[in-house]
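Now for the letters of each chain:
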Amino acid sequence: HRVYGVERWGKGLVEVLETGDIGIRNPLSESTHAVSLPKVVEALGARGVQTPVLLRVASFLEHGVRRVNESFGDAIAEAGYRGAYRGVFPIKVNQQAQIVRRIVEYGQPFGFGLEAGSKPELVIALSQPLPHDALIVCNGTKDEEFVRLAILSRKLGFNTVIVLESLNEVEIAIRVAGELDVDPLLGVRVKLTNQIGGAWAASSGDRSAFGLNSEQLVTSVDRLKEAGLLHCLKLQHSHLGSQIPDVNDVRRAATEACRYFTELLAEGVPLTHLDLGGGLGVDYTGEMKATESSVNYSVKEYCASIVETVRYAMDEAGVEHPTLVTESGRAVVAMSSVLVFDVLEATLFDVETAPAPEPDDHHLVADLAGIGDYVVEGRLQECVNDASYYRNELRALFRRGTIGLRQVARGERIYLRLMSRIRRLAEETGGSPDLVAQLESTADILHCNFSLFQSLPDVWAIDQLHPLVPLQRLNEVPDRRAILSDITCDSDGKIDRFILADRVSATLPVHDIRPDERYLFGTFFVGAYQETLGDLHNLFGDTNVATIELRENGEFDLIEEVEGDTIGEVLSYVEYNPRDCMDGFRRAVDRAISNRKLDASEGRQLIEAYRSSINGYTYYE
Ligand code: PLP
């Protein structure tokens, strides 16, 4: 099982049990017991929760909330920083009601707040029982209604900060504040000129779509002063983009943000809060390297870098240490969900047997089979070249009508068997990476019960890597290679990049799946961004969701369950009325009965089948 690198990316949350099952462990407890994930899935099945299922682990979420808050708390204590940390969770990273509710609950002791990037998200934030010292930070483009609601919410005691992102918003805020008899809490978003690396580089630098440049910042300050609102400007915000790969970028950005902050103070702006946005990355691959799916720092290091940088800059300017704010979403919530799905069937390319020679074989078929005599170390590349040549010649003869279907089929099978033998020998003897890569095109395709577009949209859209492993038999050597294909009718619906212990691979090592065996996969750390970015391609809807709590004794409790979409529900999302569909089908049945193509009992059976489909799960059952 070492091939999967679970020890590296599992970070003490996910591990391999002696039984060969993948286990999950409560990071908040001293308990030595881990819970077997296949057993969890089995128990959920017994309670009617079928796969594919999104498993939310409440203890992982609590760990995520605590980790950011406690790491900032520790860094502040260690650095002798004289300000507090008041983080906010950006709702857009996972808006699901159960998730937001829990984050607010777990964040209570830390005064953890929420970030809203739109009116709907502000409406969510204002419905939560936030602690009195928590912030609600409003980012994004704001109209009058957004600004009015944010200002009015101050009357209820919410610390709702309107972050001004453009000169237009400055004017809106001045106008609306003038109408209402409440002092707003204002912030400004500054556009940093430092640009980060990674997939979200476009969120930073001169050309980013967000924030005020230095000239606009000066204009905003002047306008607020004229309007008598400068005393309301308390927070400075900047955001570099998500998943910052390199901790040096964090330091550089914090340094630049501090320059703006101290300059604004010198301008007489009474800033008290320095908000450095999101970007705290997740080490999905476990490599601890500055790559797109990994980061070269820990949460602790990130917090210490910020606290030290800000302390130094503020001391140098001889000003108070501000309250630090960050908007970490991914690092809080990504770990908390696992997508579990089954293999439905396999298209095997890695085959154990080849047909024996026959006297009337075409000579190219015989030549192909003859390669088997020299599959030896040192001649493997030659074997691959020869096998591809003969197979291509056979295919050409078939297309021209020279050989028949059965001959070409024998040739294809012999070819696959050869490639399997070559691959195994190449792996055993450490063949060149080039050769191994060529042989990856002969990996099996496992057809699995999930939709990439619905459940793992970033894997499709931006080649995001998530740890993905079989959930069982990890005490056996996985001697096959596979890519995974989803249940949509789209050739893009496949996963062909996998995190292994020593590299990112185009194929995943898997076991020889026995007939009737239930073979499960888990895709880990999918709690950030995936749920609402997912779409209804082929009308596969939301999966079932189950939230579990890991107990001290190695048991677990199912604490919440949300049924996935039914077919009727997804139809209504695309503006069908399921009742009208039912009526349409019923009319077709009635017509067939009138035309004597069906009798009444067959008609009833058809209507029942249709009704049960409408009420059923969109995935393979
Ligand atoms: N704050 C703002 C303004 C954002 O745009 C984002 C997302 O990119 C975040 C916070 C959350 O970032 P992350 O998930 O990297 O913590």
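Residues numbered from 1 in each chain as written. Predicted model: local features only at pLDDT ≥ 70, side-chain atom pairs only at ≥ 80, totals over all residues.

**Remarks on the pairing of strand β6 (residues 113–116)**
Then, number 1: Sheet analysis places strand β5 (residues 88–90) next to β6, joined by three bridges and oriented parallel. Opposite Val-88, over in β6, you have Gly-113 as the bridge partner.
Then, number 2: What joins β5 to β6 is helix α4 (residues 97–107), and the crossover it makes is right-handed.
Then, number 3: Sheet topology places β6 next to strand β7 (residues 135–138); three bridges connect them, and they run parallel. Bridge pairing links Ala-116 to Cys-138 in β7.
Then, number 4: For the crossover that starts at β6, traverses helix α5 (residues 119–125) and ends in the parallel β7, the hand is right-handed. (Pairing = 2+ DSSP bridges. Helix = DSSP H or I, 4+ residues; strand = E, 2+ residues; numbered from the N terminus. Right-handed = clockwise from strand over helix to strand, strands pointing away.)

**Some words on the UniProt feature "modified residue: N6-(pyridoxal phosphate)lysine" (unreviewed entry) in the protein chain**
Then, number 1: Sites flagged by UniProt as "modified residue: N6-(pyridoxal phosphate)lysine" (unreviewed entry) map to Lys-92.
Then, number 2: Mapped onto the elements, Lys-92 comes out in the loop between β5 and α4.
Then, number 3: We classify Lys-92 as buried; it has 21 C-beta atoms within 10 Å.
Then, number 4: Residues within four places of Lys-92 in sequence aside, it is in contact with Gly-117 and Glu-121. (UniProt positions renumbered as here; feature names shortened; annotations may be inferred. Buried ≥ 20, exposed ≤ 12 C-beta atoms within 10 Å, placed from the backbone. Contact = placed C-beta atoms within 7 Å.)

**Overview of the nonpolar core**
Then, number 1: Grouped together as the largest cluster of nonpolar side chains are 150 residues, with contacts concentrated most on Val-161, Ile-162 and Ala-257.
Then, number 2: Counting the residues that make up this core, at least three belong to each of domain 1 (2–55 + 337–343 + 455–485 + 495–562) and domain 2 (88–327).
Then, number 3: Counting 19 residues, the second largest nonpolar core, distinct from the first, contains Val-365, Ile-371, Leu-418 and Ile-422. (Core = buried A, V, L, I, M, F, W, Y, C linked by C-beta atoms within 7 Å. Domains from an automatic or database assignment.)

**Quick notes on the site of the ligand**
Then, number 1: Around the ligand there are 17 residues in total, and Ser-242, Gly-278, Glu-327, Gly-329 and Arg-330 lie nearest to it.
Then, number 2: For the shell around the ligand, a count of residues per class yields five nonpolar, nine polar and three charged. (Near = placed C-beta within 6 Å. Nonpolar A, V, L, I, M, F, W, Y, C, P; charged D, E, K, R; others polar.)

**A closer look at the sheet that holds strand β2 (residues 22–25)**
Then, number 1: Strand order in the open sheet made by the three strands is β1-β2-β3, with antiparallel pairing throughout. Only two strands of the sheet have a single partner each, and these edge strands are β1 (14–16) and β3 (34–36). For this sheet the average axis-to-axis angle between neighbouring strands, irrespective of direction, equals 40 degrees. (Axes fitted to C-alpha atoms, helices over the stretch in contact; angles between N-to-C directions.)

**Thoughts on unusual backbone geometry**
Then, number 1: Residue Pro-52 follows Thr-51 across a cis peptide bond; omega there is -5 degrees.
Then, number 2: Relative to the helices and strands, Pro-52 is located in the loop between α2 (37–46) and β4 (53–57).
Then, number 3: Although it is not a glycine, Asn-538 adopts a positive phi angle of roughly 60 degrees.
Then, number 4: Relative to the assigned elements, Asn-538 resides in the loop between α18 (530–533) and β22 (544–550).
Then, number 5: One non-glycine residue with positive phi stands out, namely Leu-539, at about 60 degrees.
Then, number 6: With respect to the helices, strands and loops of the structure, Leu-539 is situated in the loop between α18 and β22.
Then, number 7: Taking the C-beta count within 10 Å as the criterion, Leu-539 has 15 such neighbours and is therefore assigned partly exposed.

**Regarding the domain arrangement of the protein chain**
Interfaces are often sized by the accessible area lost when the parts come together.
Then, number 1: You can read the domains of the protein chain as domain 1 (2–55 + 337–343 + 455–485 + 495–562), domain 2 (88–327), domain 3 (363–441) and domain 4 (567–614).
Then, number 2: The centre of domain 1, based on its C-alpha atoms, is set 35 Å off from the matching centre of domain 3.

**So, the pairing of strand β10 (residues 233–237)**
Then, number 1: β10 sits mainly inside the fold: five of its five residues count as buried.
Then, number 2: Two elements, strand β9 (residues 185–189) and β10, share four bridges in a ladder whose sense is parallel. From the neighbouring strand, Leu-186 faces β10, where its bridge partner is Leu-233.
Then, number 3: Alignment of β10 against strand β11 (residues 273–275), held across three bridges, turns out to be parallel. Bridging across to β11, Leu-235 finds its partner in His-273.
Then, number 4: Crossover handedness for the path β10 to helix α9 (residues 247–266) to β11: right-handed.

**Regarding helix α7 (residues 167–179)**
Then, number 1: Between its terminal C-alpha atoms α7 stretches 19 Å, which fits the 18 Å expected from 13 residues at 1.5 Å a residue.
Then, number 2: All of the buried residues along α7 are Glu-169, Val-170, Ile-172, Ala-173, Val-176 and Ala-177. The arc that holds every buried residue of α7, seen down its axis, measures 165 degrees, which confines them to one face. Exposed and oriented more than 90 degrees from the buried face of α7 are Asn-168, Gly-178 and Glu-179. (Expected span 1.5 Å × (residues − 1). Arc of directions from axis to C-beta.)

**With respect to the packing of helix α12 (residues 363–370) against helix α14 (residues 405–428)**
Then, number 1: One way to put it is that α12 packs onto α14 with a least axis distance of 9 Å and a crossing angle of 10 degrees. In terms of orientation, α12 and α14 fall into the roughly parallel class. Facing α12, whose interface residues are Val-365, Leu-368 and Ala-369, α14 presents Gln-407, Arg-410, Gly-411, Ile-414 and Tyr-415.
Then, number 2: Taken together, the residues of the contact of α12 with α14 break down into five nonpolar, two polar and one charged. (Parallel < 35°, antiparallel > 145°, perpendicular 65-115°, else oblique.)

**Examining the sheet that holds β6**
Two strands in a sheet stick together by hydrogen bonds in their backbones, pointing the same way (parallel) or opposite ways (antiparallel).
Then, number 1: Pairing within the open sheet is parallel, and its eight strands lie in the order β5-β6-β7-β8-β9-β10-β11-β12. Where the open sheet ends on each side, the last strands, each with one partner, are β5 and β12 (323–325). In this sheet, neighbouring strand axes are inclined to one another by 25 degrees on average, regardless of whether the strands run parallel or antiparallel.

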